[in-house]
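For reference, the chains in residue letters:
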Amino acid sequence: MATALKAVHVSDVPNLDQASEINAALALIKAPWSAQGVNDHDEGVESKCGFKWPKFVVTKDDCPVIFHDSFIATEEKGVYVEKRVTDITLLEFLSYGPQTELGKVGIPMFRKTKEGTIFEWKVEKDDSLCTLQDVFEKVDHSMGFNIELKFDDQFVYIEKQLRHVLQVVLQVVNKHAKDRPIMFSSFQPDVVLMIRKLQSTYPVYFLTNGGSEIYKDVRRNSLEEAIKVCMAGGLQGIVSEVRAILRDPNAVTRIKDSNLCLLTYGQLNNIPEKVYMQHLMDGDDEGEARKCRHKWPKLVLIGHRGNGMNMLQSSDIRMRAIKENSILSFNTAAQFPIDFVELDVQVTKDDCPVIFHDNFIVTHDKGVFIEKRVTDLKLPEFLSYGPQKHLGEMGMPLFRKMKDGRIFEWKVEKDAPLCTLQEAFENLEHSLGFNMELKFDDHIVYTERQLKHVLQVILQVVNDYAKGRPIFFSTFQPDAALLIRKMQSSYPVYFLTEGGYHQVHVDARKNSLEAAVKVCLAGGLQGIVSEVSAILGNEEAVTRIQGNNLRLLTYGQLNNMVKAVCLQLQMGVDGVIVDLVQEITDAVCD
């Protein structure tokens with residue numbers, strides 16, 4: 001079986017301070033190719049840098065040249081002039097920039113960015129443009145080539161056009177490759193399918209940004225679609241934008257289970273920690289579990305929304321097993337050796353704390369989706385969604401709206417009614433701790449009076465029903481964290497942060513681990529709950545946080561991978577919030 005996530009593509013010109021670190025990280029990962037053909041590339045080639053990544057197009061007179069952009073540009077008498085590379089001859093193409101004759105410079109070159117900004121193409125070490133044949137003849141023979149087949153996204157190509165271009169390329173490859181390791185890749189689905197049919201000597205990979213942009217051709221819009229393309233055409237693997245993989249680590253398993261290799265590209269691959277995180281995503285989890293047992297001090301284990309969050313769009317049935325934030329989910333998690341369950345607390349319009357994650361609750365009526373803010377509902381209306389407490393009775397159908405606007409019916413294998421915070425206290429084993437996340441909308445600016453009212457309502461229920469249960473509060477809202485710390489001293493308060501990993505917020509206190517530490521120290525908070533990606537590979541951050549006498553917990557999808565949890569054990573992280581409760585507890589507990 002092919003192994004997923006075998007290599008990453010780093011920038012052609014990485015920061016020199018990072019180059020050795022990136023190479024060291026890459027040396028840990030086996031490269032998914034072989035000069036012997038597509039069937040034995042499992043064995044791989046041990047190499048620090050693996051392949052060069054030449055991006056080529058074919059000129060008007062049928063010569064494959066190495067150039068990334070669809071247009072080549074210059075400036076004439078103060079006017080920006082651009083020409084499509086495929087519309088010019090080889091002679092004209094080579095007339096741009098430095099010439100092969102020493103000291104001679106041709107037509108000045110400029111580059112237009114996607115945003116429309118134009119820059120003169122100035123680099124410290126310039127060189128002349130080249131052809132695919134030049135690269136074969138002048139680059140060390142042991143260096144493999146990932147030949148990216150470039151086609152314009154704005155064009156609709158007919159089969160005859162694609163075939164002609166690919167035959168021109170293959171003629172050069174067949175003549176000059178000899179036994180050089182080679183693989184082909186392209187963002188154009190019809191191209192990868194066709195070049196796989198035209199030859200069987202070299203592996204073919206489908207390039208995808210994994211859904212970060214939406215195209216008319218749906219085959220380009222997700223990793224799931226990329227898998228389908230590969231399976232339909234007998235391709236050997238996928239090259240994904242790295243953010244799509246870091247957002248959805250479970251995709252690595254899906255790709256591996258399809259017997260496909262996985263490579264990544266993107267700016268994050270120039271950060272050594274992100275390269276190492278990808279290395280953690282692949283490997284023998286059972287072996288890692290054996291290493292974890294009996295070796296490290298106690299790690300606090302917290303079940304995310306009970307037995308795990310629901311990812312309704314996921315092909316992983318474990319993420320759709322039990323309704324999140326339900327009594328059933330909390331009690332299922334409690335069957336395993338965990339310390340806490342994490343539950344999301346909001347307060348309804350009539351001042352009842354309820355357990356629900358999203359700001360809005362969504363239903364469907366007469367063909368129209370209707371969404372209402374949870375805090376604008378009274379308790380009876382909130383509880384009227386989904387399964388009801390009377391056996392077999394169903395309320396209003398429940399849907400979920402994703403951040404990208406997609407809406408899914410909230411279908412899980414084991415459904416359960418929505419519940420209140422009081423019901424959670426009354427129906428869960430008393431020894432099970434609660435990590436109560438205080439939910440507030442990032443798009444609302446709250447007054448102190450509003451925050452205080454919500455927190456007082458929650459604290460009233462806690463004071464009435466906690467009865468010695470282990471509890472700590474957490475929230476992404478810094479003012480809420482500071483305020484609840486002032487309002488009570490019985491329970492620890494943790495500040496939740498993405499650590500600057502996902503997005504930049506208007507409130508600077510939410511944008512980094514350093515800012516989170518300042519919030520905690522200013523307000524006498526007890527710890528930080530960070531997105532795990534901000535912590536992995538960043539041992540200095542762990543040292544700084546714990547050096548300030550703060551505890552550190554993490555959350556995020558990488559916490560569903562045994563390797564990542566074991567690494568955090570070694571780093572000294574105090575606890576992890578996980579979705580795959582059974583798998584992770586099996587790995588780290590006796």
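Residues numbered from 1 in each chain as written. Predicted model: local features only at pLDDT ≥ 70, side-chain atom pairs only at ≥ 80, totals over all residues. Heavy atoms only, no water.

Draft legend 1. Geometry of the overall build of the chain. Broken down by element type, the chain carries 19 helices and 28 strands. Within the chain, the fraction of its 590 residues that count as buried is 53%. Put simply, 66% of the contacts in the chain that link residues at least 6 apart link residues at least 24 apart. Carbon and sulfur atoms make up 50% of the accessible area of the chain, which amounts to about 28400 Å² in all. (Helix = DSSP H or I, 4+ residues; strand = E, 2+ residues; numbered from the N terminus. Buried < 20%, exposed > 50% of the residue type's maximum accessible area, 1.4 Å probe, protein only. Contact = heavy atoms within 4.5 Å. Areas by Shrake-Rupley, 256 points an atom, 1.4 Å probe, with all protein chains shown as cover.)

Draft legend 2. Expanded view of the side chain of Arg254. Mapped onto the secondary structure, Arg254 falls in helix α8 (residues 250-257). For Arg254, the side chain forms a polar contact with the side chain of Glu224, separated by 2.6 Å. Reaching out from Arg254, the side chain makes a polar contact with the side chain of Asp248 at a distance of 2.6 Å. In this view, Arg254 contacts Glu224, Ile227, Asp248, Ser314 and Ser315; residues no more than four positions away in its chain are not counted. (Polar contact = N/O pair within 3.5 Å; in protein donor to acceptor, adjacent residues only side chain to side chain.)

Draft legend 3. Expanded view of the packing of helix α14 (residues 448-465) against helix α15 (residues 478-487). It is the contact of α14 with α15, at a shortest axis distance of 10 Å, that shows an interaxial angle of 55 degrees. Between α14 and α15, the angle is such that the two are oblique. In this structure, α14 crosses over α15, and the sense of that crossing is right-handed. Note on element contacts: α15 touches α14 through Asp479, Ala480, Leu483, Ile484 and Met487, opposite Glu448, Leu451, Lys452, Leu455, Gln456 and Leu459. A breakdown of the residues in the contact of α14 with α15 according to their chemical character gives seven nonpolar, one polar and three charged. (Axes fitted to C-alpha atoms, helices over the stretch in contact; angles between N-to-C directions. Parallel < 35°, antiparallel > 145°, perpendicular 65-115°, else oblique. Left-handed = near helix turned anticlockwise from the far one by under 90°. Nonpolar A, V, L, I, M, F, W, Y, C, P; charged D, E, K, R; others polar.)

Draft legend 4. Molecular detail of empty space enclosed by the protein. Using the criterion set out here, one finds three cavities of 30 Å³ or more in the structure. By volume, the largest cavity amounts to about 40 Å³. Asn307, Gly308, Met309, Asn310, Arg318, Met319, Ala321, Ile322 and Ser329 are the residues that line the largest cavity. Of the residues contributing to the lining of the largest cavity, the split by class is four nonpolar, four polar and one charged. (1 Å grid on protein atoms, 1.4 Å probe; cavity = no way out; pocket = protein on both sides within 12 Å on 5 of 7 lines; lining within 4 Å. Points joined across faces, edges and corners; volume = space filled by probe spheres on them.)

Draft legend 5. Spatial organisation of the packing of helix α4 (residues 159-176) against helix α5 (residues 189-198). Running from N to C, α4 and α5 cross one another at 55 degrees; their axes reach a closest spacing of 10 Å. It follows that α4 is oblique to α5 by the angle criterion. Between α4 and α5 lies a crossing whose hand is right-handed. Between α4 and α5, the residues in contact are Glu159, Leu162, Arg163, Leu166 and Leu170 and Asp190, Val191, Met194, Ile195 and Leu198, respectively. For the contact of α4 with α5, the per-class residue count stands at seven nonpolar, no polar and three charged.

Draft legend 6. Seen up close, the environment of Lys372. Take Lys372: it is sitting in strand β19 (residues 368-373). The spatial distance from the C-alpha of Lys372 to the C-alpha of Phe360 is 5.3 Å, given a sequence separation of twelve residues. Non-local contacts of Lys372, meaning those with residues more than four positions away in its chain, are made with Asn359, Phe360, Ile361, Leu377, Glu381 and Tyr385. Polar contacts involving the side chain of Lys372 include one to the side chain of Glu381, which spans 2.7 Å.

Draft legend 7. Focus on the packing of aromatic side chains. Applying the stated criterion across every chain, the model contains 16 aromatic pairs. Centroid distance Phe67 to Phe93: 5.8 Å. Interplanar angle 90 degrees. Geometry classified as edge-to-face. In this pair, Phe67 is assigned in the loop between β4 (64-66) and β5 (71-76) and Phe93 in helix α2 (residues 90-94), connecting sequence segments 26 residues apart. Among the residues examined, Phe67 registers a relative accessible area of 6% and is labelled buried. Taken together, Phe67, Phe93 and Trp121 form an aromatic cluster joined through their ring pairs. A cation over a ring is seen here: Lys323 above Trp410, with NZ or CZ 5.7 Å from the ring centre. Here the guanidinium or amino end of Arg469 rests over the ring plane of Phe434, the centre of that ring lying 4.3 Å away. (Phe/Tyr/Trp six-rings, centres within 6.5 Å; stacked < 30°, edge-to-face > 60°. Lys NZ or Arg CZ within 6 Å of the ring centre and 35° of its normal.)

Draft legend 8. Spotlight on the environment of Phe476. Assignment of secondary structure puts Phe476 in the loop between β24 (471-475) and α15. By relative accessible area, which is 24% here, Phe476 ends up partly exposed. Residues Phe476 and Asp441, spaced 35 residues apart in sequence, show a C-alpha to C-alpha distance of 9.5 Å. If we ignore the near neighbours within four places in the chain, the residues touching Phe476 are Glu437, Phe495, Leu496, Thr497, Glu498, Lys510 and Tyr555.

Draft legend 9. Quick look at the pattern of salt bridges. Within this structure, the stated rule accounts for 33 salt bridges. With a shortest N-O distance of 2.7 Å, Glu381 and Lys372 are connected by a salt bridge. What makes Lys372 partly exposed here is its relative accessible area of 34%. Measuring nitrogen to oxygen at the nearest pair gives 2.8 Å for the salt bridge that ties Asp404 to Arg406. Residue Arg406 is classed as partly exposed on the basis of its relative accessible area of 42%. Residues joined in a network through salt bridges with shared partners are Arg305, Glu324, Asp344, Asp358 and Arg400. (Salt bridge = Lys/Arg side-chain N within 4 Å of Asp/Glu carboxyl O.)

Draft legend 10. The arrangement of the nonpolar core in detail. Membership of the largest hydrophobic core comes to 119 residues, with the highest contact counts inside it found for Val173, Phe184, Leu421, Met436, Val462 and Phe473. Top element by residues in this core is α4. It accounts for eight residues. Filtering out sequence-adjacent residues up to four positions away, Leu421 remains in contact with Leu343, Val345, Pro353, Val354, Ile355, Met436, Ile458, Val461 and Val462. With 14 residues, the next largest nonpolar core counts Leu312, Phe356, Leu377 and Trp410 among its residues. (Core = buried A, V, L, I, M, F, W, Y, C linked by side-chain atoms within 4.5 Å.)

Draft legend 11. Spotlight on α14. Look at α14: 26 Å from first C-alpha to last across 18 residues, which is about the 26 Å you get at 1.5 Å a residue. Among all positions of α14, only Leu451, Leu455, Val457, Ile458, Leu459, Val461 and Val462 are buried. Those residues of α14 that are buried lie in contact with β16 (340-347), β17 (353-355), α13 (421-427), β23 (433-438), β24 and α15. The positive-phi residue at the C-terminal boundary of α14 is Lys467, with phi of around 50 degrees. (Expected span 1.5 Å × (residues − 1).)

Draft legend 12. Quick look at unusual backbone geometry. The residue Lys77 is not glycine, and still its phi comes out positive at about 55 degrees. The topology assignment puts Lys77 in the loop between β5 and β6 (79-84). Its relative accessible area of 87% is what places Lys77 among the exposed residues. One non-glycine residue, Lys178, adopts positive backbone phi at about 55 degrees. Counting through the fold element by element, Lys178 comes out in the loop between α4 and β11 (182-186).

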